[in-house]
Amino acid sequence: IIIINKKNDRQERVVVPSSQITWLAIGRESVMGVQLGCLWLPNSTICGHLLRCPTKPKPSHFHTTALSATASLSSPPPTIQIVGGRTLSWQGSENADSNANFDDCQVETNWVDLDSDLSYWTNSLRPVQWYPGHIAKTEKELKEQLKLMDVVIEVRDARIPMSTSHPQMDSWLGNRKRILVLNREDMISTDDRNSWAAYFARQGVKVVLSNGQLGTGAMKLGRLAKALAAGVNVKRRTKGLLPRPVRAGIVGYPNVGKSSLINRLLKRRLCPAAPRPGVTRELRWVHFGKDLELLDSPGIIPMRISDQSAAIKLAICDDIGERSYDVSDVAAILVQMLARLPSVGTKGLQNRYKIDVDAQCGKIFVQKLAIHLFSGDIHQAAFRILSDFRKGKFGWVALERPPR
Ligand SMILES: Nc1nc2c(ncn2[C@@H]2O[C@H](COP(=O)(O)OP(=O)(O)OP(=O)(O)O)[C@@H](O)[C@H]2O)c(=O)[nH]1
Ligand SMILES: [Mg+2]
């Protein structure tokens, strides 16, 4: 939400937790109300007198810079306008169509809310950054090896395809032939698989959904790579040269399943794979039959992760080194996220751990679990929650949806 101070025209961005946003029905219109401490600010220009509040708002809920104007009762209150947010058509309509629209809006609003809440929750945490030496070295070597590749296979985590997209990948690859693999397809629902496939197809991206553990999608990937790069040997033949194997480089974030996919394709455990980021340390070419060569590469990640919501999702999914984050902070955020996702919810958490859930405060939940199961050891409790999520104990849970 952007708050505009009409007195000096300054704009402030305020991250407001969704719990503080309520839809108010006024007449036949619905407007968005934002609760700032004791105040309600509807989604319109508000006259100064509405800003006089008998008790001080809770600055801890908001950026203090944005609130400074409202917190002082002695100075004349500015006019504040809230822009943005979503406007809904009248919710009480009995018309079936508008109900359908409303349901649709609700589903979307949940994800929009979740994203803004996540960025609010991560604001106060120590930034998560992870860039071990082998990644810097890999980046350099990969740029060299790219010249040899006929096709590049970029692997992402299907639970977080956006957060496992490397910001520099497009510039490195240029117009090189490319396949996008969403691995760990077994960890998301059919609905999510379909919506991601449709989303990337709309952008003209060749996408394969795969399971690096069972090998689903691996053969299709091999066939697609050969077909995409078939032109290489056509050119060679016209020049009177013998055909050579197609070269496909497999790149992506750490722990997304690159090596597992190669092993599945080769039906041999040639490349080391294990459930932690940073297992592959060196680039390595392997042969698949006579006509395909695959490059296994160490996971790469940007030197600086600017989007800290993405960094937390990487931590939740174990796609970034554990030394870079506080396990109990990340587990607390995961609890808050799961509590809001309809497929898990507070009930799902309660059933699994037999503990009451406060959806607003994952930290309390982690503390309760620590007392309940681990003699007060918070680190162990936090690790249990993360590890349950990573093992799929909460069912199919995607942490991202395609943008509309
Ligand atoms: N559930 C599930 N697990 C998978 C899948 N693919 C790989 N894994 C597991 O994920 C873990 C990491 O796989 P790796 O193949 O080592 O991942 P990587 O991308 O090579 O990791 P780095 O070498 O560290 O960059 C392993 O324990 C695999 O068994 C999948 O599709 N579904
Ligand atoms: Mg690997």
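How each quantity is defined
Residues numbered from 1 in each chain as written. Chains lettered and ligands numbered in written order. Predicted model: local features only at pLDDT ≥ 70, side-chain atom pairs only at ≥ 80, totals over all residues. Heavy atoms only, no water. Helix = DSSP H or I, 4+ residues; strand = E, 2+ residues; numbered from the N terminus. Buried < 20%, exposed > 50% of the residue type's maximum accessible area, 1.4 Å probe, protein only. Contact = heavy atoms within 4.5 Å. Areas by Shrake-Rupley, 256 points an atom, 1.4 Å probe, with all protein chains shown as cover. Donors = N, O, S within 2.8 Å, 3.2 Å for Na, K, Ca; no water. Core = buried A, V, L, I, M, F, W, Y, C linked by side-chain atoms within 4.5 Å. Domains from an automatic or database assignment. Polar contact = N/O pair within 3.5 Å; in protein donor to acceptor, adjacent residues only side chain to side chain. Phe/Tyr/Trp six-rings, centres within 6.5 Å; stacked < 30°, edge-to-face > 60°. Lys NZ or Arg CZ within 6 Å of the ring centre and 35° of its normal. Pairing = 2+ DSSP bridges. Right-handed = clockwise from strand over helix to strand, strands pointing away. Near = heavy atom within 4 Å. Nonpolar A, V, L, I, M, F, W, Y, C, P; charged D, E, K, R; others polar. Axes fitted to C-alpha atoms, helices over the stretch in contact; angles between N-to-C directions.

Per an unreviewed UniProt entry, the recorded name for the protein is MMR_HSR1 domain-containing protein, and the organism is Cephalotus follicularis.

Asker: Just checking my understanding: could you explain the overall build of the protein for this structure?
Answerer: Of the regular secondary structure elements, the protein holds 13 helices and twelve strands. Going through the 404 residues of the protein one by one, you find that 47% of them count as buried. A sequence separation of at least 24 residues applies to 67% of the contacts in the protein between residues at least 6 apart. Working note: accessible area of the protein is about 20,300 Å², and carbon and sulfur atoms make up 52% of it.

Asker: Teacher, can you tell me more about the environment of D115 here?
Answerer: Topologically, D115 is positioned in helix α2 (residues 96-123). Between the alpha carbons of D115 and A310 there is a distance of 9.9 Å; along the sequence they are 195 residues apart.

Asker: Where do I start with the coordination of the magnesium ion (ligand 2) in this structure?
Answerer: Under ideal tetrahedral coordination, the four donors around a metal are separated by 109.5 degrees; under ideal octahedral coordination, the six donors are separated by 90 or 180 degrees. Donor atoms from the polypeptide that bind the magnesium ion (ligand 2) are S259 (OG) and T280 (OG1), placed at 2.0 to 2.1 Å. Here T280 lies in the loop between α8 (258-266) and β11 (284-288) and S259 lies in helix α8, a separation of 21 residues in the sequence. Grouping residues by exposure puts S259 and T280 together as buried.

Asker: How should I be thinking about the nonpolar core in this particular structure?
Answerer: One recurring pattern in soluble globular proteins: nonpolar side chains tend to sit buried together. By size, the foremost hydrophobic cluster in this structure holds 84 residues, and its most contacted members are L294 and L349. With ten residues, helix α10 (residues 327-340) is the largest single contributor of residues to this core. Looking at which domains feed residues into this core, each of domain 2 (97-126 + 326-404) and domain 3 (133-296) gives three or more. Other than its neighbours up to four places away in sequence, L294 contacts A248, I250, I262, L265, L266, R284, W285, V286 and F288. Counting nine residues, the second largest nonpolar core, distinct from the first, contains A158, L182, I188 and F200.

Asker: Explain the side chain of N211 here, please?
Answerer: With respect to the element layout, N211 can be found in the loop between β9 (207-210) and α6 (218-228). Among the polar contacts listed, one links the side chain of N211 to the backbone nitrogen of Q213, at a separation of 2.8 Å. When sequence neighbours within four positions are dropped, the list of residues in contact with N211 reads N183, E185, D186 and T216.

Asker: Please explain the packing of aromatic side chains as it appears in this structure.
Answerer: Any aromatic ring pair is given by two values, namely how distant the centres are and how the planes are angled relative to each other. Evaluation of the coordinates by the stated rule reveals five aromatic pairs. Relative to F200, the ring of Y199 has its centre 5.1 Å away and its plane inclined at 70°; by these criteria the two rings are edge-to-face. Each of the two residues, Y199 as well as F200, counts as buried. Taken together, the ring pairs connect W196, Y199 and F200 into an aromatic cluster. Lying across the ring of Y353, R352 places its NZ or CZ 6.0 Å from the centre.

Asker: Explain the pairing of strand β8 (residues 177-183) to me, please; I cannot follow it from the model alone.
Answerer: Two faces, one strand: in a regular strand the side chains alternate between the faces of the sheet. Across the seven residues that make up β8, a large majority, five, are buried. Bridge analysis of strand β7 (residues 151-157) against β8 gives seven bridges, and the strand direction is parallel. Note that in β8 the partner of E154 across the bridge is L180. With helix α5 (residues 190-202) bridging β8 and its parallel neighbour β9, the resulting β-α-β unit is right-handed.

Asker: Where do I start with the site of ligand 1 in this structure?
Answerer: Neighbouring ligand 1 are 24 residues; G212, K258, S260, G278 and T280 lie closest to it. In this structure, V256 approaches ligand 1 through a main-chain N or O atom, which is 3.1 Å from an oxygen atom. Separating an oxygen atom of ligand 1 from a side-chain N or O atom of K258 is a distance of 2.7 Å. Protein coverage of the free-state accessible area of ligand 1, which is 650 Å², stands at 92%. By residue number, the principal contributor to the shell around ligand 1 is α8, which donates three residues. Taken together, the residues that form the shell around ligand 1 break down as eight nonpolar, twelve polar and four charged.

Asker: I keep staring at the sheet that holds strand β10 (residues 246-252) and nothing clicks. Help me out?
Answerer: Backbone-to-backbone hydrogen bonds join strands into a sheet, with any given pair of strands oriented parallel or antiparallel. Taken in spatial order, the six strands of this open sheet run β9-β8-β7-β10-β12-β11, and their pairing is mixed. Each edge of the open sheet is held by one strand with a lone partner, namely β9 and β11. In this sheet, adjacent strand axes meet at a mean angle of 25° when their direction is disregarded.

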